[in-house]
Amino acid sequence: MENGLIGVGTDGAGFGSGFAVGGGAGLGGSFFGNKADGKHIAFVVDVSASMSNQQLQLMKDELTRSLRGLPSGTSYQVIFFSGPVWFAEQEIAFEGRTRAIVKGPGGKKLVWESQSGASGFQFGNGRQALPVQPWRLAKPGTLSQSIRSVESVRRSFGTTWRQPLRMALTMDPKPEVIYFMTDGVVNKADEDVREITRLNRRGAGKAKIFTTAMMQPKAAKQLYELADNNGGSFSIVRADGSVVTGKDALRQ
């Protein structure tokens, strides 16, 4: 078992005013107690309305720490999700609880709508390919932009697991590592685990998927299975901000 305390408060994860991209012999990253090597790393994080102020700040502090620690030469992306899904550098505007418009390349409007509540969001007519963005290279200027997007992101309505993970898996090239964090439980979570595992086996390579339950033990079983089926590991953030990893996390 591994236990670690993620800092909360104005000092966040304890960064100074300077900015340095992480070093080391290999490429890789870490997020909420999970760690892996990989040249292409996707952070897929929940910003749904059910996140408390504490949970949201924990996520922002840890994601900022993770981005700052990426070794130079790593390619990365940050994907936010609630009901709609968007990349951190994109602008998003919400029209009530059932419609969101993401500003895509060239100002194109990428529309997400729901006809059936929080878990019913889909992109376009539901049959279109999910929109993707290019990988970003870990260097000070680019990372600073991403961190500002993390700091400014706000909560929104809805929760989906399948769509943001599908979006990450359709990036070119496919990520070696996906860090997935959620505070929510979704309907048909078992189906989502099977579908994402099936999609991950398509094409060249297979992403290692690492999962984190943000103070949500009800999601532990499916998140553990998602990680275990895809070469990753599972962690849970407890109410006091500490992190438990592996099978010990199932007993929280």
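Residues numbered from 1 in each chain as written. Predicted model: local features only at pLDDT ≥ 70, side-chain atom pairs only at ≥ 80, totals over all residues. Heavy atoms only, no water.

**Some thoughts on the overall build of the protein**
A count of helical and extended segments in the protein gives 5 helices and 15 strands. Counting all 252 residues of the protein, 53% fall into the buried class. For the protein, the proportion of contacts with a sequence separation of at least 24, taken over those separated by at least 6, is 70%. (Helix = DSSP H or I, 4+ residues; strand = E, 2+ residues; numbered from the N terminus. Buried < 20%, exposed > 50% of the residue type's maximum accessible area, 1.4 Å probe, protein only. Contact = heavy atoms within 4.5 Å.)

**Regarding helix α3 (residues 162-169)**
One turn of the α-helix equals 3.6 residues, which is why residues spaced by three or four share an orientation. Judged by how many residues are buried, α3 sits mostly within the fold: 6 of 8 residues are covered. Within α3, the full set of buried residues consists of Q163, P164, L165, M167, A168 and L169.

**Quick word on the side chain of Q55**
Within the element layout of this structure, Q55 appears in helix α1 (residues 53-68). The residues touching Q55, leaving out its near neighbours within four places in the chain, are S50, D183, M214 and M215.

**Things to note about the pairing of strand β9 (residues 109-114)**
What you see with β9 is a clean split: L110, W112 and S114 sit on the buried side and K109, V111 and E113 on the side with no burial. Where strand β8 (residues 99-103) folds back on β9, the antiparallel hairpin that results is connected by 5 residues, among which G106 adopts a positive phi of roughly 65 degrees. As judged from the 3 bridges shared by β9 and strand β10 (residues 121-123), these two strands associate in the antiparallel manner. By the bridge assignment, S114 is partnered in β10 with F121. (Pairing = 2+ DSSP bridges.)

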